[in-house]
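Letter by letter, the chains look like this.
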Amino acid sequence: MNSKELLSAIPYKQLEGALPEQIQHMTIDSRDIQADSMFICIVGYTVDGHDFAQQAANRGATLIVAEKPMAIDNATVLIVDDTTRVLGQFAAKFYEYPSKLLHMIGITGTNGKTSVAGILHSLLMELGEKSALSGTIGFNLNGELHPSANTTNDALTTQQMIARARDEDCSHMTMEVSSHGLILGRLAGVEFDTAIFTNLTHDHLDFHGTMEEYGHAKALLFSQLGQDLANQKQAILNADDPWSYEIAKTTSHPVYTYGIHNKAQFQAKNINLMHTGTTFTLTCVEGEFSVSMTLLGEFNVSNALAAIAALYAEGYKIEEILKALALIAPVEGRMEQIEIDVPISMFIDYAHTPDAIEKAINAVADFKTNRIIFLVGTGGNRDKTKRPIMAEKASVADYVVLTTDDPRDEAYDSILADLQTGMTHENFVCIGDRKEAVIHAVQQAQAGDIIIFAGKGHEDFQIIGNTKYPHSDKEIAIQEAMKKFR
Ligand SMILES: CC(=O)N[C@H]1[C@@H](OP(=O)(O)OP(=O)(O)OC[C@H]2O[C@@H](n3ccc(=O)[nH]c3=O)[C@H](O)[C@@H]2O)O[C@H](CO)[C@@H](O)[C@@H]1O[C@H](C)C(=O)N[C@@H](C)C(=O)N[C@H](CCC(=O)O)C(=O)O
Ligand SMILES: Nc1ncnc2c1ncn2[C@@H]1O[C@H](COP(=O)(O)OP(=O)(O)OP(=O)(O)O)[C@@H](O)[C@H]1O
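Since we're looking at a predicted model, the values are computed, not measured. (Residues numbered from 1 in each chain as written. Chains lettered and ligands numbered in written order. Predicted model: local features only at pLDDT ≥ 70, side-chain atom pairs only at ≥ 80, totals over all residues. Heavy atoms only, no water.)

A. Structural view of the sheet that holds strand β18 (residues 345-349). Read from one edge of the open sheet, six strands run β17-β18-β22-β19-β20-β21, paired in mixed fashion. The open sheet has two edge strands, β17 (336-337) and β21 (428-430), and neither has a second partner. Taken together, the six bridges between strand β19 (residues 372-378) and strand β20 (residues 399-404) define a ladder with parallel strand orientation. Among the inter-strand pairings, V376 is bridged to a residue of β20, identified as L402. Taken strand by strand, helix α15 (residues 434-444) contacts β18, β19, β20, β21 and β22 (450-454), and its axis lies near 170° from that of β20. (Pairing = 2+ DSSP bridges. Helix = DSSP H or I, 4+ residues; strand = E, 2+ residues; numbered from the N terminus. Contact = heavy atoms within 4.5 Å. Axes fitted to C-alpha atoms, helices over the stretch in contact; angles between N-to-C directions.)

B. Quick peek at the site of ligand 1. Surveying the vicinity of ligand 1 reveals 23 residues, the closest of which are Y45, T46, V47, N150 and S178. Contact distances for ligand 1 include 2.6 Å between an oxygen atom and a backbone N or O atom of Y45. One nitrogen or oxygen atom from the main chain of V47 is found 2.7 Å from an oxygen atom belonging to ligand 1. Compared with its free state, where it exposes 1,100 Å², ligand 1 has 73% of that area covered by protein. Of the residues in the shell around ligand 1, the class split is seven nonpolar, 10 polar and six charged. For the shell around ligand 1, the domains that each give at least three residues are domain 1 (3-95) and domain 2 (98-326). (Near = heavy atom within 4 Å. Polar contact = N/O pair within 3.5 Å; in protein donor to acceptor, adjacent residues only side chain to side chain. Areas by Shrake-Rupley, 256 points an atom, 1.4 Å probe, with all protein chains shown as cover. Nonpolar A, V, L, I, M, F, W, Y, C, P; charged D, E, K, R; others polar. Domains from an automatic or database assignment.)

C. Seen up close, helix α13 (residues 387-394). Taken together, the buried positions of α13 are occupied by R387, M390, A391 and A394. In an axial view of α13, the angular spread of the buried residues amounts to 95°, which keeps them on one side of the axis. Its buried side turned inward, α13 meets α12 (354-365), β19, β20 and α14 (412-420). (Buried < 20%, exposed > 50% of the residue type's maximum accessible area, 1.4 Å probe, protein only. Arc of directions from axis to C-beta.)

D. Molecular detail of the site of ligand 2. What surrounds ligand 2 is a group of 20 residues, the closest being K113, T114, S115, R334 and D349. Between N303 and ligand 2, the recorded distance is 2.8 Å, taken from a side-chain N or O atom to a nitrogen atom. At a separation of 2.7 Å, an oxygen atom of ligand 2 approaches a polar side-chain atom of R334. In the complex, the protein chains occlude 96% of the 620 Å² of accessible area that ligand 2 would expose alone. Counting only elements with at least two residues in the shell around ligand 2, the list comes to α4 (113-126), α10 (298-314) and α12. No other element matches α12, which puts four residues into the shell around ligand 2. Residues that form the shell around ligand 2 fall into these classes: five nonpolar, nine polar and six charged.

E. Representation of the packing of α4 against helix α11 (residues 318-327) in the model. As a packed pair, α4 and α11 sit with axes 9 Å apart at the nearest point and diverge in direction by 110°. Classed by the angle they form, the pair α4 and α11 counts as roughly perpendicular. Note on packing geometry: the crossing formed by α4 with α11 is right-handed. Contacts from I119, L123 and E126 in α4 reach I321, A324, L325 and L327 in α11. Here the residues of the contact of α4 with α11 sort into six nonpolar, no polar and one charged. (Parallel < 35°, antiparallel > 145°, perpendicular 65-115°, else oblique. Left-handed = near helix turned anticlockwise from the far one by under 90°.)

F. Here's a closer look at empty space enclosed by the protein. With the rule as written, the count across this model stands at one cavity of 30 Å³ or more. The space that makes up the largest cavity amounts to roughly 50 Å³. Residue lining of the largest cavity: S115, I119, L295, L296, N300, P330, V331, R334 and M335, and that is the complete set. Among the residues making up the lining of the largest cavity, the classes are represented as six nonpolar, two polar and one charged. (1 Å grid on protein atoms, 1.4 Å probe; cavity = no way out; pocket = protein on both sides within 12 Å on 5 of 7 lines; lining within 4 Å. Points joined across faces, edges and corners; volume = space filled by probe spheres on them.)

G. Seen up close, the UniProt feature "modified residue: N6-carboxylysine" (unreviewed entry) in the protein. Here the UniProt-annotated "modified residue: N6-carboxylysine" (unreviewed entry) positions come out as K218. Here K218 lies in helix α8 (residues 211-223). Residue K218 is classed as buried on the basis of its relative accessible area of 1%. Setting aside anything within four residues of it in sequence, one finds K218 in contact with T108, G109, T110, K113, V177, S178, S179, L182 and L200. (UniProt positions renumbered as here; feature names shortened; annotations may be inferred.)

H. Representation of the pattern of salt bridges in the model. Counted according to the given criterion, the structure contains 17 salt bridges. Put simply, K269 and E288 hold a salt bridge, and the shortest N to O gap is 3.1 Å. Here E288 lies in strand β16 (residues 287-293) and K269 lies in strand β14 (residues 266-273), a separation of 19 residues in the sequence. Given a relative accessible area of 37%, K269 falls into the partly exposed group. Here K456 and D406 are joined by a salt bridge, their closest N and O atoms 2.6 Å apart. Within this pair, whereas K456 is found in the loop between β22 and β23 (461-464), its partner D406 is found in the loop between β20 and α14, the two being separated by 50 residues in sequence. In this structure, a network of salt bridges that share partners links the residues K384, R387, E410 and D418. (Salt bridge = Lys/Arg side-chain N within 4 Å of Asp/Glu carboxyl O.)

I. Broad picture of the UniProt feature "binding site: UDP-N-acetyl-alpha-D-muramoyl-L-alanyl-D-glutamate" (unreviewed entry) in the protein. The sites that UniProt annotates as "binding site: UDP-N-acetyl-alpha-D-muramoyl-L-alanyl-D-glutamate" (unreviewed entry) are S30, N150, T151, T152, S178 and R186. For this annotated set, covering 157 residues, the C-alpha atoms extend up to 26.1 Å from each other, a dispersed arrangement in space. Tracing the backbone shows N150 in the loop between β9 (144-146) and α5 (155-167). The class of N150 is partly exposed, set by a relative accessible area of 31%. When neighbours within four sequence positions are excluded, N150 is seen to be in contact with G135 and R186. In this structure, R186 sits in the loop between α6 (179-183) and β11 (194-197). If sequence neighbours within four positions are ignored, R186 has contacts with N150, T152, N153, D154, A155, T158, S178, H180 and G181.

Structure follows, in C-alpha cells:
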C-alpha cells in the first residue's frame, strides 16, 4: 500500500526521516520482518517492543512506529502518542476494512463464549454458509483450524484473520470477544453486525478490579455497534442475567432477549436433560417449537437460545435453524462425553469459574444414578479470589479432586491451600500434579459413577513455569479407565 495513503489513517504524527514509498507488510514482532515492513513498537507486559526497533530495521523494516524519538539506522521513525491505539487504525486501513464485507458476530460474557461461537459456526456451516471462527480454540477458516495466542488476539492479528476470511469468500465471521480484548483495544476497527452477551459472573478480577469494571468492559462490545440505525445491527441479550439490563442501555440497536428462567422473546421450557442430549420447547414470536440437540446441560440450552436468536435476527427461518441444531456435534471440551465402553461416564469440560462449575455439575445431576466425581483445578498467578468459591461450588459433587490447571510459577501447595478453604464437606483430596489427579479420579470411580474433568477442556498442554508441557485429561482418563475396567 502507498505509505502516504496508509498514514492518512491517523491524524497526528511526527516523522523523522523520509517516508518509504510503499508498505507491503505490517508487524508488531521484530522476528517477523519482510521486505518493506512497517514495525510497530508495542510496550508489552514482559518486554518493550521499542527495544527491538533497531533489530527490526536490520532485518529490513523501513518504517518504525514508536512512542518516542529514536535514532534508528536505515529506517524512518514515525512518532505517535500511543502505538497500541494506532495499531488497530493502521491494520484496519492496510487490510481495507475487511469486517465491513462480512457479517460479523461478536460474543462476550464470562462463560459460554466458545460454546455459543462454536454452535453458531456449526449452524452457519449446516445452513450452507462459508464461515470463519476465532476464539479460545483457535482460528477456524472454513473447517481448517489454525492456532492462536489469545481468545481475542491483538488488533493486527484480528484484522489479518478477518481479511483472510474475506479473501476466502466467507459470508460470516464469529468472534469470541474477551473483556481483555475490549479494554486493550484489540477490536479496534472491527465492525460488528451482531453482538451477543452470555453472562457476567466472577472471573478475571485480577485484571478488572471490580465486577462493575468487568461489566463495563463487556458492555463496550454493545456501545461499539454505533449509532447508525440505517445499518441493520442487533444485540442479543440473556434475560436471565441482570447485567443485560445495563448492557441494553449502551446500544440503540434492536435488542433480542433469550432466557430460561426470566421472560424472554426466545424462551425455553420443558427442558429434558439426558445423557445423550437435550430436548426443550422453544417459544418465540413465530410460535412453539420442539427442539432436540446433542448438546448437554441447561447452560447449553441458554447457549443454543443465544445462537437461535442471533440467526433469527439476521433473517433465517426458525425451522431451518432448528433442523441444523439437531445435526451439530457438541463443542470440543465443553461437556464432551468421552466415548469409551466402560461402566462409568466421563466428561471433559472447561469450567474454571464458580458459575461454570455449578452449571457443569447441574448438567449431569438429572441423569446421575450413582456418585458424581468432580476434578477441578485453577491456574497459578491469576485471580486468586475465585478459588475458594470454585471449591464451594464443586462441593455439590459427591467426591472432589482438587488439583491445578496451569500452575505457571505458583507452587501446587499455594493453589491447593486457597482452593480447599472453600470445601463444604470432607470427601475430597488435594493432588497438585494434574496427571496424578486424573488417574486418582478414575481409580476412585465405581460402576455407575460420573466423572467430570473440569478446567482444561480442549487443551492438550499444561503450563508449568514458563514451559508448555503436553497434557491431555482425555488421554490419561481413557488409558486409566481401560486399565481399570477392561
Ligand atoms: C498479559 C497479556 O495480555 N499479554 C499479551 C501480550 O503479551 P506481552 O505484553 O507479554 O508481550 P511482550 O512479550 O511483552 O511483547 C511486547 C511486544 O514486543 C514484541 N517483541 C517481543 C520480543 C522480540 O524479540 N521482538 C518483539 O518485537 C512483541 O511482538 C510485542 O509486540 O501481547 C501478546 C501478543 O498480542 C498476547 O498474546 C499476550 O497475551 C497472553 C498470552 C495472555 O495470557 N493474555 C491473557 C491475560 C488474555 O489476554 N486473556 C484474554 C481473556 C481470555 C479469557 O476470557 O479467558 C484473551 O483474550 O486471551
Ligand atoms: N452459558 C453458560 N453459562 C454458564 N456456564 C457455561 C455456559 N456455557 C458454558 N459454560 C461452562 O463454562 C465452561 C467454559 O465454556 P466456554 O468455553 O464456552 O466459555 P468461554 O466464555 O469461552 O470461556 P473462556 O473465556 O475461559 O474461554 C464450559 O465448559 C461450561 O462448564
